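Here's the letter readout for the chains.
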Amino acid sequence: MMKNLKVIAAKTHPPEYMLHKYWARKPHNVISHFLESLTPDNGIIVDPFCGSGVVLREGSRLGRKVFGFDINPIALLISEVTTNPPKTDKFVNIINNILSSVEDKIKRVFSYNNKEIKYVVHEIIVKCQSCEKNISYGEAKKRGRTYLCPYCESKLRFNLENMVDTRLVSIVLEEGNTVKSIEALKEQKELSDKEIETNIPFAKYNYRFEENRRILAFEGLTTEKLFTRRNFSLLALIAEYFHSLEDESIRKAALLLLTASVAQCSRLIPYRNNMKTGGPAWSVPGFWVPPIHLETNPLSHLRARLEKFKKGLLFLEANPSIGDVSIQKMDAVSGIKKLKEKGIKSDLLFFDPPYGDSVPYLEFSSLWNSFLSDFPDINQDISVSDRKNKNDSWNFYSSKLMELMKEAKDLLNKDGRVLVTFNNNDLKAWESLLRAFQSNGFRCEYVIYQIPAVISSKAQFSPEGSYISDIYSVFVLDDKKELGQSLTPVVNALIKCASSRNGVIARNLALRTCAIAWMEHNISYELLSERDVLINSLFEEKQGKLHLKVPIERSVPLLKDTAREIARNILAKGPCTWEYLYETIAKQTSEIGIPDPDELRVVLENYVIFNKKKCMAYYPNSEQLTFPEDVFQ
């Protein structure tokens, strides 16, 4: 039987961690909890894949000495600015002065009738491969999801690789008015196609991407192709100003500000619903240029970003780091070897490697690193990648994790621990991870499941959406402890989880249940190949759900009954937030498989009343509460 799984709730990122986008940024409160509980007051923490620097920042805030390594320039920059920020007022004044110095130049090419332009809307034009006519997106015939040439009905693909030009559709001014006159559109199109400040060495900011069809990086893709000529040249001009700043902390923060803005000034931002349903963002996991996209005035976006930056820097000033921080551009294995050479011993190794093939961090970061003019050797990246010239990705990934944990054994103090966070259901990824740990004598001490930070009401109340959160595991060196050679604990956990749901569960819940049971019982990685066979022997898949084929354990309490009882006890006292309700139920249902938010919402439907707008939950007892009309669905 599974232990009573510990649960911790993530909180949303405060302003200090919103300076720049980065993938898989860990919740600050969760990281702080672990660092404080697993290390002494003067402890040493090592993060060999430091990413966006949350571990470094939280460790130094607690007074620990922290060492971080990464090969990704943008990751290092985020970490450096977060742990060693400039003075806010000084930074803001310098940036405003630079923006003022380029303001006239930008306004000359982003104005209409002396009014500043916020953005213009482009429509992709492609050449038909059959009749060789140039067709804009708006001219194409649509049949289902397929676009056809209006002349010969050949199939058309409106993407960056096939783009021969664009047609300007509209101009939106800062004041909100839209301009569509033919003369204005023609003038702006000419300016959009023209480089500004031709004496700027654009080549230093223009990177040739590695071909990787999975992330839509085609052969010949370069940074400048992701932008109009106007915007690429303007951003390069601003980059020149920022790179020339003498004060190191100001310069690094300025470059972080710029890189945080470049995607929004690129062709990657779609134009939808007249921009009435939320702000533009680069949210697609790849370099996809939408058929109708924006070209945003860089000055407009940099100004807006500077306000967000100011909030983050003020927060960092108010909550300064007090521990020593060392950040170096180095791969994880070399970094640990260097620490060992210096005789440094670590109390905690935070282990958050790339999740197999889920995110090719360095390849995605090429857009940002272009404006840092820093192009690292992509072959050092251990992420499993589909890029054209990378062979044996999984073997390389696995061997590097094995090498890293071999080196880590001698880095840890006698009572040192490794905190692992991993989120990937791919068997090859799990096998690589557990093999590296178990083969080097590491055993799992305990597991904690992090329930997600609930962000938007749309996400909270979407039955289709399912959160994917992290599992944190604490490992210690204990090679005397034998590895489990039986899958019985996994079988028991799966049956218990399914029985609590009348024998029907989602596949992602089954995989999570397997992962937790596997680590809690230190089952050998060599048995992982049997995971899917085991699931298929216990369940039959019907309509996207797994149905238990063996008898249900009737002694297991039903999730529905347990969740409703908890909700009744909470809400009988009055309404509460959805976050609080979910967290409380999750903690008390850990033994039967923690439900995802969407599953819990279905369980409580017609039993608990939700207010979507306010993200509140109510108990339907009219004698206790009076509900406004918008409470009811």
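1. Some points on the overall build of the chain
Thought 1: For the chain, the helix and strand inventory stands at 20 helices and 23 strands.
Thought 2: Relative to the 2.2 N^0.38 estimate, which gives 26 Å for 633 residues, the radius of gyration of the chain is 27 Å and therefore close to what a compact globule would have.
Thought 3: Along the first, second and third principal axes, the C-alpha set of the chain runs to 75 × 65 × 55 Å.
Thought 4: Within the span of the chain, comprising 633 residues, buried residues form 57% of the whole.
Thought 5: Within the chain, residue pairs in contact and separated by at least 24 positions form 73% of the contacts whose partners lie at least 6 positions apart.
Thought 6: Seen as two clouds, the 85 positive and the 79 negative side-chain charges of the chain have centres 3 Å apart.

2. What to know about the nonpolar core
Thought 1: With 93 residues, the main nonpolar core has Phe91, Leu226, Phe242, Trp282, Phe287 and Leu367 as its most contacted residues.
Thought 2: By size, the runner-up hydrophobic cluster in this structure holds 91 residues, among which are Leu404, Val420, Val491 and Leu581.

3. A look at the sheet that holds strand β18 (residues 504–505)
Thought 1: Taken in spatial order, the three strands line up as β18-β20-β19 in an open sheet, and their pairing is antiparallel. Both outer strands of the open sheet, β18 and β19 (539–542), are each paired with one neighbouring strand and no more.
Thought 2: Across two bridges, β18 lies against strand β20 (residues 545–548) in antiparallel orientation. Across the sheet, Ile505 pairs through a bridge with Leu546, a residue of β20.

4. A look at helix α15 (residues 488–499)
What sets the pattern is the α-helix's 3.6 residues per turn: residues three or four places apart point alike.
Thought 1: Between its first and last C-alpha atoms α15 spans 16 Å; for twelve residues at 1.5 Å apiece the expected length is 16 Å, and the two agree.
Thought 2: Extensive coverage of α15 is indicated by the burial of ten of its twelve residues.
Thought 3: Among all positions in α15, only Pro489, Val490, Val491, Ala493, Leu494, Ile495, Lys496, Cys497, Ala498 and Ser499 are buried.

5. Structural notes on the confidence of the model for the chain
Thought 1: In this model, the chain carries an average pLDDT of 89, and 91% of its residues clear a pLDDT of 70 or more.
Thought 2: Overall, residues 622–633 carries pLDDT values under 50, and its contacts beyond four positions in sequence, including any with other chains, amount to 21 contacts.

6. Some words on the pattern of salt bridges
Thought 1: With the rule as written, the count across this model stands at 38 salt bridges.
Thought 2: Two residues, Lys496 and Glu591, come together in a salt bridge whose shortest N-O distance is 3.9 Å. One end of the pair, Lys496, is in helix α15; the other, Glu591, is in the loop between α19 (578–588) and α20 (597–604), with 95 residues separating them in the sequence.
Thought 3: One salt-bridge network, in which partners are shared between bridges, spans Glu103, Lys107, Glu116 and Arg303.

Reading guide: rules and limits
- Residues numbered from 1 in each chain as written.
- Predicted model: local features only at pLDDT ≥ 70, side-chain atom pairs only at ≥ 80, totals over all residues.
- Heavy atoms only, no water.
- Helix = DSSP H or I, 4+ residues; strand = E, 2+ residues; numbered from the N terminus.
- Rg over C-alpha atoms; globule rule 2.2 N^0.38 Å.
- Buried < 20%, exposed > 50% of the residue type's maximum accessible area, 1.4 Å probe, protein only.
- Contact = heavy atoms within 4.5 Å.
- Lys, Arg positive; Asp, Glu negative; His and termini not counted.
- Charge placed at Lys NZ, Arg CZ, Asp CG, Glu CD.
- Core = buried A, V, L, I, M, F, W, Y, C linked by side-chain atoms within 4.5 Å.
- Pairing = 2+ DSSP bridges.
- Expected span 1.5 Å × (residues − 1).
- pLDDT = per-residue confidence, 0-100.
- Salt bridge = Lys/Arg side-chain N within 4 Å of Asp/Glu carboxyl O.

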